[in-house]
Amino acid sequence: MPNPVIPVPTSATTAAARLRGLRPDWLKDPKVWRTEILAALVVALALIPEAIAFSIIAGVDPAVGLFASFTMAVTIAVVGGRRAMVSAATGAVALVIAPVNHEYGLGHLIATVMLAGVMQIALGAIGVARLMRFLPRSVMTGFVNALAILVFLSQLPELHDVPWPVYPLFLAGLVLLVLFPRITRTVPAPLVTVVVLTVVTVAAGIAVPTVGDKGELPSALPVPGLPDVPLTVDTLVVIAPYAFAMALVGLMESLMTAKLVDDLTDTHSSKTRESVGQGIANIVTGFFGGMGGCAVIGQTMINVKVSQARTRVSTFLAGVFLMVLCIGFGPLVADIPMAALVAVMVMVAVAAFDWHSVAPKTLRRMPAGEITVMFVTVVVVVATHNLAVGVVTGTLTAMVIFARRVARLTHVTSVTDPEGGTVVYRVTGELFFASSNDLVGRFDYAGDPERVVVDLSAAHIWDASTVATLDAIETKYAQRGKTVEITGLNSPSAELHRRLTGEPAGH
């Protein structure tokens, strides 16, 4: 009997086996692929009417917003720092760049988008994303709740002054979204809702507002090209302020959304890579004639929280499906009733809202300052429809409340020696502008003996305001012929005191 021939592995088969070993586990799991593909389809359907609506806000053709959503999603899926987060055309960006289009035209708008992308890359490179660590939890909670409210409010116009069949369709959509996941989660409930309500309206000939009523869908892929603007300093002066505002708003919304997804998935993402990725995506989007964008909270929640997507595949395919649906299935997509998409977005808003943060039990336990910060953030975001303004206002409010809280922890006690020749003032706490300004009034300049010791061994000097206060205290005693000795300074405090007063302080 002949000996069996044992195949000798070649370099090609060895390399192939090595590559198979390097593939992540999720690539081998059909369930993950199914989840990602179906999630992407639902997100693509939800992106279409919003992209058209944002185009109207910016004053451009619907195709400009749809192209932006396509290129943003596809590009950020490759270069972004947060897996499964969706970027597309957004209302925040549309509001910022709308004046450029209204005053100077589409060419200047596209140039603004591309310049904003360059600025975002620069901001990412210098580490602006690291500022996210300074955002208080209460601001983050207010941000999430405000976004949920904005998503909900944005759907109300679709339920106002519409034919009566819209309301039962909308309620039927909510019922499907609530009950279908109890039957199976194999197919996302939003996709089932859209398909079922579309079939019902088309088969029964029910006349209700549809996606097609929002605007004409594109019939061809975007063509790359540079904006038709003069490459002059005057052009740069015109678009630079708008580009900088867009860069800041886009980064803030994207980084906040990335942090939210981090919390939802218990995973970490690179905020610096996300910042640079947003810039690259906006440059690519401008190159293809899109209106720019950033992360979109509503579609991201559909992707991550509702559909349970976790990889870049869902984000990439959402952009691809968006173009496929518009170009290849335009007439069918145009027949989707808006009531179905409104039901989906309302459920997204309900799911995104942090109901625990407003529960009576939580509010009773939470410090009043934290509640105030959350409330201020929500009110400002909803009132201005500007996430950047709301987050900055909430953060500033938190800083003021924190400063007041820490300032109250500063105490001054005094002890006079038995012979009455020396008094020692012991200062405890953090000394900065909010706490040191009241320090001058805590000393008895007229009644104290000739020698005064200020013991700062249990304190720390943080700023020039405190040094100026200590100088003022010494001056007041000197005017009465009394001497002051400052002792107990730790090394950083002593160095700051020495540099700002020019006189070395004792330890």
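Residues numbered from 1 in each chain as written. Predicted model: local features only at pLDDT ≥ 70, side-chain atom pairs only at ≥ 80, totals over all residues. Heavy atoms only, no water.

Q: Honestly, the pairing of strand E4 (residues 422–431) in this entry has me stumped. Any pointers?
A: Residues in a regular strand point their side chains to alternate faces of the sheet. As defined by bridge partners, strand E3 (residues 411–416) adjoins E4 across six bridges and the pair is classed as antiparallel. Paired with threonine 416 across the strands is valine 423, a residue of E4. Adjacent in sequence and paired antiparallel, E3 and E4 are bridged by five residues, among which glycine 420 carries a positive phi angle near 80°. Relative to strand E5 (residues 451–461), E4 runs parallel, the two sharing nine bridges. Looking across to E5, one finds that glutamate 430 is bridged to histidine 460. (Pairing = 2+ DSSP bridges. Helix = DSSP H or I, 4+ residues; strand = E, 2+ residues; numbered from the N terminus.)

Q: Any chance you could explain helix H3 (residues 62–79) here in plain terms?
A: The periodicity of an α-helix, 3.6 residues per turn, causes residues three or four positions apart to be oriented the same way. Spanning 18 residues, H3 covers 26 Å between terminal C-alpha atoms, matching the ideal 26 Å at 1.5 Å per step. Along H3, 16 of the 18 residues are buried, which leaves the element largely enclosed by surrounding structure. Its side-chain oxygen placed 3.0 Å from the backbone nitrogen of alanine 63, aspartate 61 serves as the N-cap of H3. (Expected span 1.5 Å × (residues − 1). Buried < 20%, exposed > 50% of the residue type's maximum accessible area, 1.4 Å probe, protein only. Polar contact = N/O pair within 3.5 Å; in protein donor to acceptor, adjacent residues only side chain to side chain.)

Q: Can you walk me through the environment of threonine 112 in this structure?
A: Within the fold, threonine 112 resides in helix H5 (residues 106–125). Exposure remark for threonine 112: the relative accessible area of 0% places this residue in the buried category. Considering only alpha carbons, one finds threonine 112 and threonine 235, 123 residues apart in sequence, at a separation of 9.7 Å.

Q: How should the packing of aromatic side chains be read in this particular structure?
A: The way to describe two aromatic rings as a pair is by their centre distance and the angle between their planes. In total, this model carries seven aromatic pairs according to the counting rule given. A centroid spacing of 4.5 Å and a plane angle of 50° characterise the contact between phenylalanine 353 and tryptophan 355, whose relative ring orientation is tilted. The class for phenylalanine 353 is buried, based on a relative accessible area of 16%. Given the relative accessible area of 53%, tryptophan 355 is considered exposed. Judged by centre distance (4.4 Å) and plane angle (50°), the ring pair of tyrosine 425 and phenylalanine 443 falls under tilted. Placement of tyrosine 425 in strand E4 and of phenylalanine 443 in the loop between helix H18 (433–436) and E5 is noted, with a sequence separation of 18 residues between them. The buried category is assigned to tyrosine 425, whose relative accessible area is 4%. (Phe/Tyr/Trp six-rings, centres within 6.5 Å; stacked < 30°, edge-to-face > 60°.)

Q: Please explain the pattern of salt bridges as it appears in this structure.
A: Opposite charge on two side chains makes pairing possible when the charged atoms of those side chains draw close. A full pass over the atoms with the stated rule returns seven salt bridges. One salt bridge connects arginine 82 with aspartate 262, and the closest N-O pair in it is separated by 2.6 Å. Of this pair, arginine 82 sits in the loop between H3 and strand E1 (87–88) while aspartate 262 sits in helix H9 (residues 233–265); the two residues are 180 residues apart in sequence, bridging distant segments of the chain. The class for arginine 82 is buried, based on a relative accessible area of 5%. With a shortest N-O distance of 3.1 Å, arginine 426 and aspartate 455 are connected by a salt bridge. (Salt bridge = Lys/Arg side-chain N within 4 Å of Asp/Glu carboxyl O.)

Q: I'm lost on the side chain of glutamate 274 in this one. Help?
A: Looking at the element boundaries, glutamate 274 is found in helix H10 (residues 271–287). One buried charged side chain, glutamate 274, makes no salt bridge at all; its nearest oppositely charged neighbour is arginine 312, positioned 6.3 Å away. A distance of 2.8 Å separates the side chain of glutamate 274 from the backbone nitrogen of glycine 81, its partner in a polar contact. (Lys, Arg positive; Asp, Glu negative; His and termini not counted.)

Q: Looking at this structure, I do not really get the nonpolar core. What am I missing?
A: In terms of nonpolar packing, the biggest core is built from 81 residues, with Ile48, Leu66, Phe143, Ile302 and Leu322 touching the most fellow members. Of all the elements, helix H14 (residues 338–352) adds the most residues to this core, at 12 residues. Ignoring sequence-local partners within four residues, the contact set of phenylalanine 143 consists of Glu253, Met256, Thr257, Thr377, Leu387 and Val391. (Core = buried A, V, L, I, M, F, W, Y, C linked by side-chain atoms within 4.5 Å. Contact = heavy atoms within 4.5 Å.)

Q: Would you take a moment to explain the packing of H9 against H10 for this structure?
A: The relative placement of two packed helices is expressed as an angle between their axes plus a distance between the axes. Between H9 and H10, the shortest axis-to-axis distance is 10 Å and the interhelical angle comes to 135°. Judged by the inter-axis angle, H9 sits oblique to H10. As for how H9 packs across H10, the hand of that crossing is right-handed. Along its contact with H9, which presents Met246, Leu251, Ser254, Leu255, Ala258, Lys259 and Asp262, the element H10 presents Lys271, Glu274, Ser275, Gln278 and Asn282. Tallied by class, residues from the contact of H9 with H10 come to four nonpolar, four polar and four charged. (Axes fitted to C-alpha atoms, helices over the stretch in contact; angles between N-to-C directions. Parallel < 35°, antiparallel > 145°, perpendicular 65-115°, else oblique. Left-handed = near helix turned anticlockwise from the far one by under 90°. Nonpolar A, V, L, I, M, F, W, Y, C, P; charged D, E, K, R; others polar.)

Q: Is there a simple way to think about the confidence of the model for the chain in this case?
A: As a general rule, the predicted coordinates of low-pLDDT regions are not to be interpreted in detail. Across the chain, pLDDT averages 87, with 93% of residues at or above 70. Put simply, helix H1 (residues 11–22) is where the chain has its lowest mean pLDDT, 54, and E1 is where it has its highest, 96. (pLDDT = per-residue confidence, 0-100.)

Q: Can you walk me through a nonpolar patch on the surface in this structure?
A: Residues Val350, Trp355, Val358 and Leu363 make up a contiguous nonpolar surface patch of about 340 Å² in total accessible area. Mapping valine 358 onto the fold places it in the loop between H14 and helix H15 (360–365). Under the relative-accessibility criterion, valine 358 is labelled partly exposed at 33%. (Patch = residues over 30% accessible without salt bridge, like charges linked within 9 Å, V, L, I, M, F, W, Y side chains within 5 Å. Areas by Shrake-Rupley, 256 points an atom, 1.4 Å probe, with all protein chains shown as cover.)

Q: Could you clarify how one ought to interpret the environment of alanine 351 in this entry?
A: Among the secondary structure elements, alanine 351 is positioned in helix H14. In sequence terms alanine 351 and alanine 245 are 106 residues apart; their C-alpha atoms lie 30 Å from each other.

Q: I tried to follow the packing of helix H11 (residues 297–306) against H14 on my own but got confused; where do I start?
A: Axis separation between H11 and H14 bottoms out at 10 Å; the angle between their running directions is 75°. As far as their axial angle goes, H14 and H11 are roughly perpendicular. Residues Gly298, Gln299, Met301, Ile302 and Lys305 of H11 touch H14, and the partners they reach there are Val344, Met345, Val348, Ala351 and Ala352. Looking at the contact of H11 with H14, its residues break down into seven nonpolar, two polar and one charged.

Q: How should I be thinking about the side chain of serine 69 in this particular structure?
A: Take serine 69: it is sitting in helix H3. Those residues within four positions of serine 69 in sequence are excluded, and the remaining contacts are Ala51, Ser87, Ala88, Ala89 and Leu322.

Q: What should I look at first to understand the sheet that holds E3 in this one?
A: A sheet is described by the order of its strands in space; here four strands give the open sequence E3-E4-E5-E6, paired in mixed fashion. Where the open sheet ends on each side, the last strands, each with one partner, are E3 and strand E6 (483–487). In this sheet, neighbouring strand axes are inclined to one another by 20° on average, regardless of whether the strands run parallel or antiparallel. Across the sheet, helix H19 (residues 464–478) touches E4, E5 and E6, and the angle it forms with E5 is around 175°. In the packing of helix H20 (residues 491–501) onto the sheet, the strands contacted are E5 and E6, and the crossing angle to E5 comes to about 120°.

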